[in-house]
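These are the residues of each chain, in order.
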Amino acid sequence: MFDKRPYWERHDLRRPFPPLYKAVEMFGTENVYFEQPKYVAGGYCKWCGKKIENKRRKEFCSNECSQAFGIATVWQRGRDPYSLRILYRDNFTCQDCGVFLAYENEHGVHIPIDNGAEVHHIKPVSEGGGDEPTNLVTLCASCHKERHKRMKGDKQYER
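Report follows, based on the coordinates. A quick note: this is a predicted structure, and the numbers were derived from the prediction, not measured. Position numbers for residues count from 1 along each chain, tracking the sequence in the order it is written. Reporting of local features is limited, given that this is a predicted model, to residues whose pLDDT is at least 70; pairs of side-chain atoms are given and counted only at 80 or more, and all residues count toward the totals for whole chains, interfaces and linings. Note that water and hydrogens are dropped before the side-chain values are worked out from all heavy atoms of the structure.

### Considerations on the layout of surface pockets
Only protein atoms enter the 1 Å grid used here. Points where a 1.4 Å probe fits but cannot escape make up a cavity, open sets with protein on both sides within 12 Å along at least five of seven lines make up a pocket, and a residue lines them when an atom lies within 4 Å of a point. Grid points are joined across faces, edges and corners, and a volume is the space filled by probe spheres set on the points. Taken as a whole, the largest pocket spans an internal volume of roughly 220 Å³. Among the secondary structure elements, those contributing two or more residues to the lining of the largest pocket are strand 3 (118–121) and helix 5 (141–154). Each helix corresponds to a stretch of at least 4 residues labelled H or I by DSSP, and each strand to a stretch of at least 2 residues labelled E; elements are numbered beginning at the N terminus. The element contributing the most residues to the lining of the largest pocket is strand 3, with three residues. Residue polarity follows a fixed list, in which Ala, Val, Leu, Ile, Met, Phe, Trp, Tyr, Cys and Pro are nonpolar, Asp, Glu, Lys and Arg are charged, and the others, Gly among them, are polar. Its residues placed into classes, the lining of the largest pocket shows four nonpolar, five polar and two charged. Volume-wise, the second largest pocket comes out at about 170 Å³. Together, 15 residues line the second largest pocket, and Lys38, Val40, Tyr44, Lys46 and Glu59 are the ones closest to its centre.

In structure tokens form, the structure reads like this:
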């Protein structure tokens, strides 16, 4: 007999965040599509940070920098698109202690992909909390662990 439960349930995995298109349907475009943070001023390369000399180029000084940024932000981000948007909203900053969690590349430039950031449900899914953006917050690993310790103790879900 075929088990009709979702894959994540059958294999005892964490329930995944909704796909981006589903999140837009449920919560609205304005509550899901947050701008990707920019960590380099206009006129400077988003990958290496050097001034862009070629007037035809807008974001990268070379094809190599463009490719490296694309590989890092698309193929190696290691996270689903919806939770990444929550990190964009919070600027990759822990909302409890304020530590900045964006990845720093070999040129010392911050790249908008996470470097240990975690997305936390303020009200747990097990207690009826959902995936709406108002119930999600960016935390560092130690603050996330601390939040879960506190939740087990007093059941208060405050941001």
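### Some thoughts on the environment of Asp80
Structurally, the position occupied by Asp80 is in the loop between helix 3 (63–75) and helix 4 (81–89). Distance from Asp80 to Ala68, taken between C-alpha atoms, is 20 Å for residues twelve residues apart in sequence. Counting of polar contacts relies on pairs of N or O atoms within 3.5 Å, with two restrictions inside protein: one atom must be capable of donating a hydrogen and the other of accepting it, and residues adjacent in sequence are counted only when both atoms are side-chain atoms. Here the side chain of Asp80 touches Tyr82 through a polar contact of 3.3 Å, landing on its backbone nitrogen.

### Comments concerning the nonpolar core
Joining through side-chain atoms within 4.5 Å is the link that ties buried Ala, Val, Leu, Ile, Met, Phe, Trp, Tyr and Cys residues into a set, and such a set is a nonpolar core. Each residue gets one of three labels from its accessible area relative to the maximum for its type: buried under 20%, exposed over 50%, partly exposed in between, using a 1.4 Å probe on protein chains only. Counting residues in each nonpolar core, the largest one holds 23 residues, and the members touching the most others are Val32, Tyr82, Leu87, Phe92, Cys94, Val119 and Leu136. Contributions of two or more residues to this core are made by helix 2 (20–27), helix 4 and strand 4 (136–139). A per-element tally of this core places helix 4 first, with five residues. Every residue pair with non-hydrogen atoms within 4.5 Å of one another is taken to be in contact. Those residues in contact with Cys94 that lie beyond four places of it in its chain are Val99, Leu101, Thr138, Leu139, Cys140 and Cys143. With eleven residues, the next largest nonpolar core counts Trp47, Phe60, Phe69 and Ala72 among its residues.

### Regarding the pattern of salt bridges
Salt bridge, as used here, is a side-chain nitrogen of Lys or Arg placed within 4 Å of a carboxyl oxygen of Asp or Glu. Summed over all chains, the structure comprises five salt bridges. The shortest N-O distance in the salt bridge between Lys22 and Glu25 comes to 3.6 Å. Here Lys22 and its partner Glu25 are both found in helix 2, three residues apart, which amounts to about one turn of the helix. Look at Glu25 and you get exposed, because its relative accessible area is 55%.

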